[in-house]
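In case you want the letters, here they are:
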Amino acid sequence: MDLYIVLGLAHGATEADIKRAYRRLARRFHPDINPGDRVAEARFRQILDAYETLMDPQRRSRYDAGQGFEQNEQRTKSGFEGFDFSERGAEHSATFGDLFAEVLSERGGRTPAPERGADLHVDLDLTFEEALAGVERAVAVTRRETCRVCAGSGATRVSRGPCHLCQGTGAVRSVRGHMVFTRNCTSCGGSGEQRPRPCERCGGAGQEARSETVTLQIPAGVADGERVRAQGKGNAGIRGGASGDLYVAIHVAPHPSFHRDGDDVHTIVPIAIHEAALGARVEIETPDGPARLRVPPGTQSGQRFRLRERGAPSRRDGRRGDLVVEVRLMLPKVLDERSKELLREFGRINGEMGRT
Ligand SMILES: [Zn+2]
Ligand SMILES: [Zn+2]
């Protein structure tokens, strides 16, 4: 028995070739898939011997040098009943775990669990006003969605039956001189059955990337650094799993006059000396537009006034925060003679003004 021929491989086959050939053949001949079939069992025993020998570099080089190979005694004597695969190395356990999952899913015995689609993340820049008022924004997102051609199966539809190319034998023979070469049928991959080809659109993944415009409703009062979730707008799920979500990271541009502190909005308003001293109604800018602030007589620089519910809408209950106005006393840069004269007079009357 030629171990390479058992696996349908050329002599220079790589480790990856061997693994691939083994998996393909094991899916066809494994005793658990063919219960009571002695022929399949014998074939699988050969496949396993070939695989174990060729995957072990030392055993492979001994075999290649013509020193034969060791058959697994335990397996040869007892067949597969009660054979404990778990005693084998981690390498084999993994292979068998994967193999069984694949086989079971193919047989419909147990389909793999649905998988939720991945979440997606986008950034969104807003002006200060947009963040305060809320805004509807369209963003372009590239999402993975269920393939429209294969409806997510990843395969083209084919009828069941023997492979046309190899008539179901799984191998194609060619004659060169007096030598007969046998190689795996490329159409069915050696299984002998018509194999569904991978979907041409998605390459078998069952999903395709699609660019989509998602309309986002950004709630009023959203703050810089906040994340807004658009449910179900992430990647599509696999095998009927739920779609992921789209997370929108909010970036709010700084405003020249306002800054947020929670739901309160702060602003600084310059006032003149006579307004501070005598009191005045000064026009100020608020997030809702111009308004008048009543500055009482004797207002000090740095004093703060709170305008109730003129700040940002709270994301908790929709109630608005306050607008906090800090007044700063500003002197004109250049004073005319008349103003200077009046200030000197003011100084004479008020003296040191309590700086004692
Ligand atoms: Zn497809
Ligand atoms: Zn074929």
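See the structure above.
Residues numbered from 1 in each chain as written. Chains lettered and ligands numbered in written order. Predicted model: local features only at pLDDT ≥ 70, side-chain atom pairs only at ≥ 80, totals over all residues. Heavy atoms only, no water.

A.B. asks: Whenever I open this one, a nonpolar patch on the surface confuses me. Can you help?
C.D. replies: A cluster of nonpolar side chains, contributed by Ile 273, Leu 329, Leu 331, Leu 343 and Phe 346, occupies part of the molecular surface with about 440 Å² of accessible area. Taking relative accessible area as the criterion, Leu 331 reaches 63% and is therefore assigned exposed. (Patch = residues over 30% accessible without salt bridge, like charges linked within 9 Å, V, L, I, M, F, W, Y side chains within 5 Å. Areas by Shrake-Rupley, 256 points an atom, 1.4 Å probe, with all protein chains shown as cover. Salt bridge = Lys/Arg side-chain N within 4 Å of Asp/Glu carboxyl O. Buried < 20%, exposed > 50% of the residue type's maximum accessible area, 1.4 Å probe, protein only.)

A.B. asks: How should the coordination of the zinc ion (ligand 1) be read in this particular structure?
C.D. replies: Geometry sets the ideal angles at a metal, namely 109.5 degrees for four tetrahedral donors and 90 or 180 degrees for six octahedral donors. The protein atoms donating to the zinc ion (ligand 1) are Cys 147 (SG), Cys 150 (SG), Cys 199 (SG) and Cys 202 (SG), with metal-donor distances spanning 2.2 to 2.3 Å. Its 4 donor atoms give the zinc ion (ligand 1) angles of 103 to 115 degrees at the centre, a pattern that matches the tetrahedral case. We note that the donor set of the zinc ion (ligand 1) lies within a single chain, spaced as C-x2-C-x48-C-x2-C. Here the residue Cys 147 occupies a position in the loop between strand E2 (135–146) and strand E3 (171–176), and Cys 202 occupies one in the loop between strand E4 (179–184) and strand E5 (207–218), the gap between them amounting to 55 residues. (Donors = N, O, S within 2.8 Å, 3.2 Å for Na, K, Ca; no water. Tetrahedral: all angles 85-135°; square planar, octahedral: opposite > 155°, others 65-115°. Helix = DSSP H or I, 4+ residues; strand = E, 2+ residues; numbered from the N terminus.)

A.B. asks: Looking at this structure, I do not really get the pairing of strand E13 (residues 323–330). What am I missing?
C.D. replies: Within a regular strand, side chains alternate between the sheet's two faces. Here strand E9 (residues 264–272) pairs with E13 via 8 bridges, running parallel. Residue Ile 268 lies in a different strand from E13, and its bridge partner there is Glu 326. Inspection of the sheet shows strand E12 (residues 304–307) paired to E13 by 4 bridges, in the antiparallel sense. Looking across to E13, one finds that Phe 305 is bridged to Val 325. (Pairing = 2+ DSSP bridges.)

A.B. asks: Explain unusual backbone geometry here, please?
C.D. replies: Excluding glycine, residues mostly have negative phi values, and the peptide bonds linking residues are mostly trans. A positive phi angle, near 55 degrees, is found at Ala 151, a position not held by glycine. Here Ala 151 lies in the loop between E2 and E3. Overall, Ala 151 belongs to the exposed group, its relative accessible area being 63%.

A.B. asks: Whenever I open this one, the packing of helix H3 (residues 38–55) against helix H4 (residues 57–64) confuses me. Can you help?
C.D. replies: Working note: a packed helix pair is described by the angle between its axes plus the distance between those axes. Here H3 crosses H4 at 105 degrees, and the two axes come no closer than 5 Å. One element, H3, and the other, H4, form an angle in the roughly perpendicular class. Here Glu 52, Thr 53, Leu 54 and Met 55 of H3 lie close against H4, whose contacting residues are Pro 57, Arg 59, Arg 60 and Tyr 63. In terms of residue class, the contact of H3 with H4 is built from 4 nonpolar, 1 polar and 3 charged. (Axes fitted to C-alpha atoms, helices over the stretch in contact; angles between N-to-C directions. Parallel < 35°, antiparallel > 145°, perpendicular 65-115°, else oblique. Contact = heavy atoms within 4.5 Å. Nonpolar A, V, L, I, M, F, W, Y, C, P; charged D, E, K, R; others polar.)

A.B. asks: When you look at the sheet that holds strand E7 (residues 246–252) in this model, what are you seeing that I'm missing?
C.D. replies: Overall, mixed pairing links the 3 strands, which are arranged E1-E7-E6 in an open sheet. The open sheet has two edge strands with one neighbour each: strand E1 (120–126) and strand E6 (227–230). Averaged over all pairs of adjacent strands, the angle between strand axes in this sheet comes to 30 degrees, irrespective of strand direction. Taken together, the 4 bridges between E6 and E7 define a ladder with antiparallel strand orientation. In the sheet register, Val 228 faces E7, and the bridge partner there is Val 248.

A.B. asks: How should the packing of aromatic side chains be read in this particular structure?
C.D. replies: Given two aromatic rings, one states the distance between the centres and the angle between the planes to describe the pair. A complete count under the given rule lists 4 aromatic pairs for this structure. Relative to Phe 258, the ring of Phe 128 lies with its centre 5.8 Å away and its plane at 25 degrees, an arrangement referred to as stacked. Taken together, the residues span a long stretch of sequence, with Phe 128 in helix H7 (residues 128–133) and Phe 258 in the loop between E7 and strand E8 (259–261) at a distance of 130 residues. Among the aromatic residues, ring-to-ring pairing joins Tyr 4, Tyr 63 and Phe 69 into one connected group. A cation over a ring is seen here: Arg 176 above Phe 181, with NZ or CZ 4.9 Å from the ring centre. For the cation-ring pair, Arg 227 lies above Tyr 247, with the distance from its terminal atom to the ring centre recorded as 4.2 Å. (Phe/Tyr/Trp six-rings, centres within 6.5 Å; stacked < 30°, edge-to-face > 60°. Lys NZ or Arg CZ within 6 Å of the ring centre and 35° of its normal.)

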